[in-house]
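Summary of structural features
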Amino acid sequence: MVLPVPTGDRGLKFRALGFPVRVDPFFFLIMGFLGIGGAYGVHGPQAIAVFVAVAFAAVLAHELGHAVAARASGHSASIVLYGFGGATTHRGPALSRGRGALISFAGPAVGLAIGLPLFLARDALPSYGYGRYIAVTAIFLTLGLSVLNLLPILPLDGGQLLANALPGDSYTRTRTAAGVGVVVAAAAGAAAYAAGLTFSLVLAAWLVFGNIMTLREQRPRVVMSVRELENATVSLIDAGRVDQAIHLIITSPVRDELDPAVIGLVRVANGDPAGWDVVVAAADEAPHDQQRAACLVRAAVARADWDSLLARPHLAPALLRWAADRAVLAGREDIAERLAPTAR
Ligand SMILES: [Zn+2]
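Model, not experiment: these values are computed from the prediction. Every residue gets a number counted from 1 within its own chain, in the order that chain's sequence is written. Totals for whole chains, interfaces and linings use every residue, but because this is a predicted model, local features are given only for residues with pLDDT of at least 70 and side-chain atom pairs only at 80 or more, for both listing and counting.

Topic: the domain arrangement of the protein chain
Domains assigned within the protein chain are domain 1 (12-216) and domain 2 (226-339). Reported domain spans reflect what an automatic or database domain assignment gives. When each unit is reduced to the centre of its C-alpha atoms, the spacing between domain 1 and domain 2 is 54 Å.

Focus: helix α11 (residues 275-285)
Between the buried cut of 20 or more and the exposed cut of 12 or fewer other C-beta atoms within 10 Å of a residue's own C-beta lies the partly exposed class, and all C-beta atoms are placed from the backbone. Each helix is a run of DSSP H or I of at least 4 residues and each strand a run of E of at least 2, with the numbering of both proceeding from the N terminus. All buried positions along α11 are accounted for by G275, W276, V278, V279, V280, A282 and A283. Contact criterion: two residues are in contact if their C-beta atoms, reconstructed from the backbone, are within 7 Å. Buried residues along α11 sit in contact with α10 (260-269) and α12 (290-303).

What about the sheet that holds strand β1 (residues 12-16)?
Only when DSSP finds a minimum of two bridges between them are two strands counted as paired. Taken in spatial order, the four strands make up an open sheet running β1-β2-β3-β4, and their pairing is mixed. One side of each edge strand has no neighbouring strand; the edge strands of this open sheet are β1 and β4 (85-91). Across the sheet, the axes of successive neighbouring strands diverge by a mean angle of 20 degrees, strand direction being ignored. Inspection of the sheet shows strand β3 (residues 76-82) paired to β4 by seven bridges, in the antiparallel sense. If you follow S76 over to β4, its bridge partner there is R91. Structural elements are reduced to axes, namely lines fitted to C-alpha atoms, with helices fitted over the stretch in contact, and the angle between N-to-C directions of any two is expressed from 0 to 180 degrees. Across the sheet, helix α2 (residues 44-72) is in contact with β1, β2 (19-23), β3 and β4; its angle to β4 comes to roughly 10 degrees.

Observations concerning the pairing of β3
Here β2 pairs with β3 via three bridges, running parallel. By the bridge assignment, R22 is partnered in β3 with V80. Hairpin connection between β3 and β4: a loop of two residues separates the two successive antiparallel strands, and G83 in this loop has a positive phi of roughly 50 degrees.

What to know about helix α7 (residues 198-216)
By definition here, a helix of n residues has an expected span of 1.5 Å times n minus one. With 19 residues, α7 should reach 27 Å at 1.5 Å per residue; the first-to-last C-alpha distance of 27 Å fits that figure. Within α7, burial applies to L203, A204, L207, G210, N211 and T214. All buried residues of α7 project into a common sector of 125 degrees when viewed along the axis, lining one side. In α7, the exposed residues that point more than 90 degrees away from the buried face are T198 and R216. Packed against the buried residues of α7 are α6 (170-194). Note that the arc is computed from the directions linking the helix axis to the C-beta atoms.

Focus on the nonpolar core
The biggest cluster of nonpolar side chains holds 52 residues, and the ones touching the most others in it are A55, A58 and L81. Per-element tally for this core: the top contributor is α2, with twelve residues. Those residues in contact with A58 that sit more than four places away from it in its chain are G111, A138, L141, T142 and L145. Only buried Ala, Val, Leu, Ile, Met, Phe, Trp, Tyr and Cys residues enter a nonpolar core, and they are joined through C-beta atoms within 7 Å. Residues I237, V262, W276 and C295 belong to the second largest nonpolar core, which totals 26 residues.

Considerations on unusual backbone geometry
Cis geometry is found at the peptide bond from L154 to P155, where omega equals 5 degrees. On the secondary structure map, P155 appears in the loop between α4 (129-149) and α5 (157-165). Notably, A304 is not glycine yet its phi reads approximately 55 degrees, a positive angle. Since 7 C-beta atoms lie within 10 Å of it, A304 is described here as exposed.

Some words on the packing of α11 against α12
Packed helices, taken two at a time, are described by the angle between their axes plus the distance between the axes. Two elements in contact, α11 and α12, have axes separated by 9 Å at closest approach and are oriented at 145 degrees. Considering only the axes of α11 and α12, their crossing is left-handed. On the side of α11, the interface is formed by W276, V279, V280, A282 and A283, while α12 contributes R292, A293, C295, L296, A299 and R303. Handedness of each helix crossing follows the sense of rotation of the near helix against the far helix: counterclockwise by less than a right angle gives left-handed, clockwise gives right-handed.

What to know about the environment of S146
Along the polypeptide, S146 turns up in helix α4. In the structure, S146 is positioned 55 residues away from R91 in sequence and 24 Å away in space, judged by C-alpha atoms. Leaving out residues up to four positions away in the same chain, S146 has contacts with P108, G111, L112 and G115.

Right, here's the structure in full:
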C-alpha cells in the first residue's frame, strides 16, 4: 500500500452487504470542510450536512464496488472511509492480473454507473434549492470522483490499474507507477492551481508526497527464518545441489544460527569427512530432534555407513521420512503416501 490506510478502530463501524466498514472521524471532518460554502440557495450547516451525507454514500458505493468484485474472486474484504476517500483491503488466494484489474476498476465503475445517468439528466433536474444542490453534489462525487480516481496516480484506482499492467515484479511495477504518479499528480496540481481550485491543490500535494515516499521505499528483502533455511538446505542436499545449498547458507543473514547438524551434513555432502563427526555429535546430543535425525540419516546414507544407522534404532522414523522424500523426488507419490503414516 502506498499511503497507509489508518489502522486502529476509532470511528463509526457497521456492516454493508456483509463487509465490515469503518468510517474514520477525519473522513467526516474533511468532507465537512469540503462542504463549506454550498450553492443553489443551500448554505451554512445544511450545505455541510448534505455534502457529508452524499460523500458518505458515494464513497461507500465506490468501495462496495471493489469489495463485491473481490468477494467474487474468492477474497474477503473490509472497507475504511478516511481522508479524502476510502480504501478496500482484501485478502485471499493469489489473483491473476486480470482479476486484480477488475477489482480496481469495479469502484470507479459503480461511480460511473450512478453519475453518468445523473449527468445526462442534469437539465431535467431541479434548477435551484436542495434538489439541485444534492444532484450536483452527487454528480461531482460519483462521476467526478470516478474520473479523478482513474488518473494514473497511486494509490488511486488508475494508479493500481497502471501498476497492474506494467511489466516486471510487483516492486518494479509499483516503483514505475509511483514515478508516473509524481508527474501526473504534479501536473494535475498545477492545473488545479491555475483554475483556482485551492483545495484540489492540497489533494495533489498529498498524492505527490505519497508517491515520492513510495519511490524512496527499499526493495523488501526476503529473509528466511532459521527453520526455513534449514529445510531449504536439506531439500537442496536431497536434490544433489550442494553448491546451491552452500550459496544459500553463506548469503543468509541467519547463517550463524544454523543447527550444527545441518552444517555437518553440508560438509559431508561437499566431501569433507570431518563433517560426519559434527552430525553424529549433534544428533546423539538430542536423539529426539527430528531435524538432527534427518541430517544423520542423510549423512550416513552419503557415506554408506549402515552400521551407524543400525546402532541407532530410534532413527527408524527419520529413515522412513527420508525414504518418503526420496520417493517424492523420484515422482513416486504413491510410495511416499504409503510411507507417510509410518514415518511420523
Ligand atoms: Zn477505488
